[in-house]
Amino acid sequence: MSLKIPKVLTMDNFNFSNKYVLVRIDINSPIDPDSKVILDDARFREHARTIKELIEDEARITLISHQGRPGDPDFASLNGHADLLSSILGVDVKFIDDVCGPAAREEIRKLNPSEILLLENVRFQSEELLERKPELQAKTYLVSKLTPLFNYFILDAFATAHRSQPSIVGFPMTLASCAGRVMEAEIEALRKIYGEMEGKVFILGGSKVRDSVKIIENLLVNNVANKILLTGLLALVFLYAKDVKLSSQVVEAIKEKGLMGEVPKARELLRKYGEYIKMPVDGAVEVEGMRVEGDLESLKGRIMDIGAKTINLYKEEIKNAKTIIIRGPAGVIEKDEFRVGSEEIVKAAIESGAYIIFGGGHMRAVVDNITASFHGHMSTGGGALLTFLSGEPLPGLEALAASAQKYLKGIN
Ligand code: 3PG
C-alpha cells in the first residue's frame, strides 16, 4: 500500500519576524494524578526546537495545548507545564489561566517579539472535544475569538493530528498555516521508512482501548499488519470477546471503563482476522505485594502484566519481524514487578535487529531504562502514529494541506 502524504507548508515558507504566531503543540504527558507532577518531559524537549526557532525569528509566540481528557485523572491545568517549558527553554514562558476569554486575549496582544505565552488547557473549552469537519471547527468560539489576534498558525502537534478538533483543524481554515519542526520531522521519518516497511509486527497495549480497536480494524482492513500482538487492557477486551473465562474483577474493570461496547467489534475482528491477532495466554497479578503468574482462567484479581508464557510466545513472533511497531506498555509499568512484560518485549525487539518504531509517552520511559540508542524511530505520537501507519488520513495534515492551497499566495 502506498502512503499518500498531503503537501503542506513548513516554517521555511514564512517570515515570522514581529508576527503574532499561534502554535498548537502537544505537551499532554503522563502526570501523577495526586501531585500533578509531570512524569515525562519528552514532548516538551521535542517542541523546544520549534519554539527556539520562533524566538530567534522574533515572533510573538502563543502556545496552545491540551492535557488529559475531562473525567480522567490526568486532566489538569497547564500551569506546571509552563514552568517545565521555561526551564527546558531557558527563557520565561508566561502562563494565563484562560484559553480565549478577555484575559487571554489581552495577554496575547501585550506580547513583545520573542516573548512566549502558554494558554490554559484547551480542553477546558468544551467545544474542543467535538470531532467535526474543519469548516465547522473554524466557526467555533475558540477559533473565532483567537483568529483576529494572529498572523499565522503552526501545527506542531503530530501526536494530536488524528483528532479533528478545533485547535487542530479549525485554525488552518482561518489563518495561513504550516507544519512545525516536530510535525515535519515525524512525517519525514515515517515517509522514509514506510516504503521499506515489511514483515510488520504491531505490539499494542496501553489504556486507550477504544482508539486502539479502531486502529486494529484499519490495520487489518488495509492489510498493513503481518501480526498484531495484544497486551494490557486491550488484550483483556479481546480475550473477553473470545469467551475466555476471566476473573470477575477483570470483567468488572472492562464494564467500569465503559468498554463492553467494544466487545462486538473485537469479536468480529477475531472472526474475520483471527490468524493475525495474538493474545496473551497467561498473566500476572499482585498478591501481598508480590508478582504471581498463572494461566488467565485461573488468575483471581486485577491482571497487571503479561506472564512468562506470553512473553515467550511473543518473542517467537518478534524474532522473525523486519519492522516492529510498539505502542503502549504491556502492564502497570509504574510498579517494578509489573514492568517485566514491557521490558522483555523491548529487549527482544532490540535483539531481533528489526527496525523499531515506538509510540506513546509511556514506552519512552521503558526504552530509556534499557538502552540509550536503538535501530529505529521514537515517535511523539501514539494514536496519530498508528493512524498514519494504518494508511488512514490524519485530519491535522489534511487541514494543513487545505490551508496551503487557500493561503499560499498571501504569505509574507
Ligand atoms: C496522545 O497522547 O496520544 C495525544 O496527546 C492525544 O490525546 P487524546 O488521545 O486524549 O486525544
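Bear in mind the structure is a predicted one, so any value in this text is a computation, not a measurement.

Chemist: Sorry, what's going on with the site of the ligand here?
Modeler: The full set of residues close to the ligand is Asp26, Asn28, Arg43, His66, Arg69, Arg123, Ala159, Arg163 and Lys208. Aspartate 26 is positioned such that a nitrogen or oxygen atom in its side chain is 2.6 Å from an oxygen atom of the ligand. For the ligand, an oxygen atom lies 2.9 Å from a polar atom in the side chain of lysine 208. Partitioning the shell around the ligand into residue classes produces one nonpolar, two polar and six charged.

Chemist: Would you take a moment to explain empty space enclosed by the protein for this structure?
Modeler: One simple way to see leftover space: roll a probe sized like a water molecule over the atoms. All told, the structure shown has three cavities of 30 Å³ or more when counted by the stated rule. As for the largest cavity, its lining consists of Asp40, Ala42, Arg43, Glu46, Gly360, Gly361, Arg364, Ser379 and Thr380. Listing elements by their share of the lining of the largest cavity, those giving two or more residues are α1 (42-56) and α14 (361-370). Considering every element that reaches the lining of the largest cavity, the biggest residue donor is α1, with three residues. Taken as a whole, the second largest cavity spans an internal volume of roughly 50 Å³. The wall of the second largest cavity is formed by Ile203, Thr231, Ile326, Gly328, Pro329, Ala330, Ser342, Ile345 and Met363.

Chemist: What is the right way to look at the sheet that holds strand β10 (residues 282-287) in this model?
Modeler: For sheets, the rule is that strands pair by backbone hydrogen bonds, running either parallel or antiparallel. Read across the sheet, three strands follow the order β11-β10-β12 without closing on themselves; strand pairing throughout is antiparallel. Strands at the two margins of the open sheet, each flanked by one partner only, are β11 (290-295) and β12 (305-306). Where β10 and β12 come together, two bridges link them in antiparallel fashion. Looking at the pairing, alanine 284 lines up with aspartate 305 of β12.

Chemist: Help me understand the pairing of strand β8 (residues 227-230), please; the structure alone is not making it clear to me.
Modeler: In regular strands, side chains alternate between the two faces of the sheet. Of the two faces of β8, the one carrying Lys227 and Leu229 and the one carrying Ile228 and Leu230 are both buried. Taken together, the four bridges between strand β7 (residues 200-204) and β8 define a ladder with parallel strand orientation. When the sheet's bridge partners are listed, valine 201 is paired in β8 with lysine 227. Pairing analysis gives two bridges linking β8 to strand β9 (residues 277-278), with the strands arranged parallel. Note that in β9 the partner of isoleucine 228 across the bridge is isoleucine 277.

Chemist: Just checking my understanding: could you explain the pattern of salt bridges for this structure?
Modeler: Should the charged atoms of two oppositely charged side chains come close, the side chains can pair. Per the stated rule, a full pass over the model turns up 30 salt bridges. Of the charged contacts in the structure, one is a salt bridge between glutamate 46 and arginine 49, with a shortest N-O distance of 3.4 Å. With glutamate 46 and arginine 49 both in helix α1 and three residues apart, this pair spans about one turn of that helix. Among the salt bridges present, the one from lysine 255 reaches glutamate 252, with a minimum N-O distance of 3.8 Å. A residue pair is termed a helical-turn pair when its members lie 3 or 4 positions apart in one helix, as lysine 255 and glutamate 252 do in helix α10 (residues 248-256) at three residues. Members of the salt-bridge network, linked through shared partners, are Lys214, Glu217, Lys265, Glu268 and Lys272.

Chemist: Quick question: what am I supposed to make of the environment of valine 366 here?
Modeler: In this structure, valine 366 sits in helix α14. By relative accessible area, which is 0% here, valine 366 ends up buried. Each C-alpha atom, one on valine 366 and one on valine 346, is 7.9 Å from the other, the two residues being 20 residues apart in sequence. Discounting chain neighbours no more than four positions away, the residues touching valine 366 are Ile333, Arg339, Ser342, Glu343 and Val346.

Chemist: Would you mind showing me how to read the nonpolar core here?
Modeler: Side chains of a nonpolar character, in soluble globular proteins, are inclined to be buried together. Counting 84 residues, the largest nonpolar core has Leu146, Phe202, Leu230, Phe238 and Leu389 as its most contacted members. Excluding residues within four positions of it along the chain, leucine 389 makes contact with Leu190, Tyr194, Met197, Phe202, Val224, Ile325 and Ile357. The next biggest cluster of nonpolar side chains, apart from the first, holds 31 residues, and it includes Ile27, Ala48, Ala82 and Ile154.

Reading the values: rules and limits
Residues numbered from 1 in each chain as written. Predicted model: local features only at pLDDT ≥ 70, side-chain atom pairs only at ≥ 80, totals over all residues. Heavy atoms only, no water. Near = heavy atom within 4 Å. Polar contact = N/O pair within 3.5 Å; in protein donor to acceptor, adjacent residues only side chain to side chain. Nonpolar A, V, L, I, M, F, W, Y, C, P; charged D, E, K, R; others polar. 1 Å grid on protein atoms, 1.4 Å probe; cavity = no way out; pocket = protein on both sides within 12 Å on 5 of 7 lines; lining within 4 Å. Points joined across faces, edges and corners; volume = space filled by probe spheres on them. Helix = DSSP H or I, 4+ residues; strand = E, 2+ residues; numbered from the N terminus. Pairing = 2+ DSSP bridges. Buried < 20%, exposed > 50% of the residue type's maximum accessible area, 1.4 Å probe, protein only. Salt bridge = Lys/Arg side-chain N within 4 Å of Asp/Glu carboxyl O. Contact = heavy atoms within 4.5 Å. Core = buried A, V, L, I, M, F, W, Y, C linked by side-chain atoms within 4.5 Å.

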